[in-house]
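# A look at the structure
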Amino acid sequence: ARLNVHVRDCTVLFYLEDGTISVSERRQDNSGYVQGQLIKRMRVPKPNLQEDSNFDTSRDVPEVADIEYYQPLDFEMGAELNLFGRMITLVDCDLNTKSYHASVIDRPV
């Protein structure tokens, strides 16, 4: 089987004030792909419930308290994020993010 993997240069923004995430891609002429805003600013749940083999999406509805959302600790270099079925691998960040992780979270990126 052949896998369709597309490497795309995206910008992932995590907003500390409300825990929301947005993902956008720079537009490139004649690329053949939909570009621009890939995920609008919103809280993104982690996909843990979908990976549970006992969880039936047709019958089981998760309680709001059971939903776990992405947090700043989830954003490390090399981390793979599953954002609504799109796999995003973090490969770089800006200097402000590096200093935030080093000082506030006490873990270098």
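Residues numbered from 1 in each chain as written. Predicted model: local features only at pLDDT ≥ 70, side-chain atom pairs only at ≥ 80, totals over all residues. Heavy atoms only, no water.

### Let's talk about the side chain of H101
Going by this rule: Strands are runs of DSSP state E lasting at least two residues, helices are runs of H or I lasting at least four, and both sets are numbered from the N terminus onward. Three exposure classes are used, based on accessible area relative to the maximum for each residue type with a 1.4 Å probe and protein chains only: buried under 20%, partly exposed in between, and exposed over 50%. Two N or O atoms count as a polar contact when they lie within 3.5 Å, although within protein this holds only if one can serve as hydrogen donor and the other as acceptor, and sequence-adjacent residues are included solely when both atoms are side-chain atoms.
Topologically, H101 is positioned in helix 2 (residues 95-103). The class for H101 is buried, based on a relative accessible area of 4%. Only 3.2 Å separates the side chain of H101 from the backbone oxygen of F75, close enough to count as a polar contact.

### Some thoughts on the sheet that holds strand 2 (residues 20-25)
Rules: Think of it this way: DSSP has to see at least two bridges between two strands before they count as a pair. Under this scheme, a helix contributes an axis fitted over its contacting stretch, all axes are lines through C-alpha atoms, and angles between N-to-C directions fall in the 0 to 180 degree range.
With antiparallel pairing, the three strands of this open sheet are ordered in space as 1-2-3. Of all the strands in the sheet, the pair left with one neighbour each is strand 1 (10-15) and strand 3 (36-42). Between one strand axis and the next, the sheet turns through 10° on average, direction left out of account. Sheet analysis places strand 2 next to strand 3, joined by four bridges and oriented antiparallel. Within the sheet, the bridge partner assigned to I21 lies in strand 3 and is M42.

### Notes on the pairing of strand 1
By the bridge criterion, six bridges tie strand 1 to strand 2 in an arrangement that is antiparallel. Considered in strand 2, the bridge of V12 is made with V23. Connecting the antiparallel pair strand 1 and strand 2 is a turn made up of four residues, with G19 showing a positive phi of about 75°.

### Some points on the packing of aromatic side chains
To keep things clear, this is the line we draw: Two aromatic rings, drawn from Phe, Tyr or Trp (for Trp, its six-membered ring), form a pair once their centres lie within 6.5 Å of each other, and the interplanar angle then sorts them: stacked below 30 degrees, edge-to-face above 60, tilted otherwise. Any Lys NZ or Arg CZ that is within 6 Å of a ring centre and within 35 degrees of that ring's normal is treated as a charge sitting over the ring.
For the structure shown, the criterion picks out two aromatic pairs. Measuring from ring centre to ring centre gives 5.1 Å for F14 and F75, while their planes differ by 50°; the resulting arrangement is tilted. Residue F14 is found in strand 1, and its partner F75 is found in the loop between helix 1 (48-51) and strand 4 (80-83); the two are separated by 61 residues along the sequence. Centre to centre, the rings of Y70 and F75 are 6.3 Å apart; their planes meet at 65°, and the pair counts as edge-to-face. Overall, F75 belongs to the buried group, its relative accessible area being 11%. Three or more aromatic residues link up through ring pairs in this structure, and these residues are F14, Y70 and F75. Looking at R41, its charged tip hangs above the ring of Y15, at a distance of 3.6 Å from the centre. Across the ring face of Y69, the terminal group of R43 is positioned such that the distance to the ring centre comes to 3.7 Å.

### A short note on unusual backbone geometry
Generally, phi is negative for residues other than glycine and the peptide bonds are trans, each holding for most cases. Residues other than glycine seldom take positive phi values, yet F84 does so here, at roughly 55°. Summarising the element assignment, F84 is placed in the loop between strand 4 and strand 5 (86-89).

### Focus: the pattern of salt bridges
Filter applied, for reference: What makes a salt bridge here is a side-chain nitrogen of Lys or Arg within 4 Å of a carboxyl oxygen of Asp or Glu, nothing more.
A full pass over the atoms with the stated rule returns six salt bridges. Among the ionic pairs, E25 bridges to R8, the shortest N-O distance being 2.8 Å. Here the residue E25 occupies a position in strand 2, and R8 occupies one in the segment before strand 1, the gap between them amounting to 17 residues. Here D18 ties to R41 by a salt bridge, and the two come within 3.3 Å at their closest N and O atoms. On the criterion of sequence distance, the pair formed by D18 in the loop between strand 1 and strand 2 and R41 in strand 3 is long-range, its members being 23 residues apart.

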